[in-house]
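# Notes for the structure review
Given next are the chains, with one letter for each unit.
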Amino acid sequence: MPDKPMLVLIAGPYRSGTDGDPQAMAANLARLEAAAWPVFSTGHLPVIGEWIALPVLRSAGAGPTAPLADQVLYPTADRLLAHCDAVLRLPGDSAGADQDVATARRLGLPVYHDVTEIPRRTPQETR
């Protein structure tokens, strides 16, 4: 059992399969975010790369389908993984999420495919 809460990257489809449709990307982000509470309820801290990358893109005057996006989305996740303790890989085709898993494995981080696999922290450990 970890002695401190893990920072868990939730990885799954965001732009994949959307053809740049903003509503489809929003639906994918909502699916990623739906996993945030289940991760949090295990006593850990969830994070999604887009929570960081999208404001970075906006501050550069760009969006998720702009040419700059590939220079921000993937590197953000890669930099974030240097601080993460684990990855929760959600279902669905996603080159970015597959890259996150490969990076996590290279770093020796656990990769979970279901929130029930994440070790739960007891109430006294969550203080």
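The sections below set out a description of the structure shown in this document. (Residues numbered from 1 in each chain as written. Predicted model: local features only at pLDDT ≥ 70, side-chain atom pairs only at ≥ 80, totals over all residues. Heavy atoms only, no water.)

Another aspect to go through is the layout of surface pockets. Taken as a whole, the largest pocket holds about 260 Å³ of empty space. As for the largest pocket, its lining consists of 19 residues, of which Tyr14, Glu50, Tyr74, Gly96 and Ala97 are closest to the centre. Of all the secondary structure elements, the ones that give two or more residues to the lining of the largest pocket are strand S1 (7–11), helix H3 (49–59), helix H4 (69–81) and helix H5 (95–107). Looking at the lining of the largest pocket element by element, the count peaks at four residues for H5. (1 Å grid on protein atoms, 1.4 Å probe; cavity = no way out; pocket = protein on both sides within 12 Å on 5 of 7 lines; lining within 4 Å. Points joined across faces, edges and corners; volume = space filled by probe spheres on them. Helix = DSSP H or I, 4+ residues; strand = E, 2+ residues; numbered from the N terminus.)

Once that is clear, we can look at the nonpolar core. Counting 23 residues, the largest nonpolar core has Val8, Ile10, Leu32, Leu57 and Leu88 as the members making the most contacts within it. Discounting residues that sit within four places of it in the chain, Leu32 has contacts with Ile10, Ala11, Gly12, Pro13, Tyr14, Ile48, Glu50 and Leu90. Grouped together as the second largest cluster of nonpolar side chains are 13 residues, Leu81, Cys84, Val101 and Ala104 included. (Core = buried A, V, L, I, M, F, W, Y, C linked by side-chain atoms within 4.5 Å. Buried < 20%, exposed > 50% of the residue type's maximum accessible area, 1.4 Å probe, protein only. Contact = heavy atoms within 4.5 Å.)

At Asp19, a residue that is not glycine, the phi angle is positive and equals roughly 50 degrees. Along the polypeptide, Asp19 turns up in the loop between S1 and helix H1 (22–34).

Let's shift gears to the packing of H3 against H4. One way to put it is that H3 packs onto H4 with a least axis distance of 9 Å and a crossing angle of 140 degrees. Considering their axes alone, H3 and H4 lie oblique with respect to each other. As for the relative orientation of H3 and H4, their crossing is right-handed in sense. Two secondary-structure elements touch here, H3 through Gly49, Glu50, Ile52, Ala53, Val56 and Leu57 and H4 through Ala69, Val72, Leu73, Thr76 and Leu80. Per-class residue counts for the contact of H3 with H4 are eight nonpolar, two polar and one charged. (Axes fitted to C-alpha atoms, helices over the stretch in contact; angles between N-to-C directions. Parallel < 35°, antiparallel > 145°, perpendicular 65-115°, else oblique. Left-handed = near helix turned anticlockwise from the far one by under 90°. Nonpolar A, V, L, I, M, F, W, Y, C, P; charged D, E, K, R; others polar.)

The next point concerns H3. Listed as buried for H3 are Gly49, Glu50, Ala53, Leu54 and Leu57. Down the axis of H3, the sector holding all buried residues measures 105 degrees, keeping them to one side. Exposed residues on H3 whose side chains face more than 90 degrees from its buried face are Arg58 and Ser59. Structurally, H3 contributes buried residues whose contacts are with S1, H1, strand S2 (45–47) and H4. Just downstream of H3 lies Gly61, where phi reads positive at about 75 degrees. (Arc of directions from axis to C-beta.)

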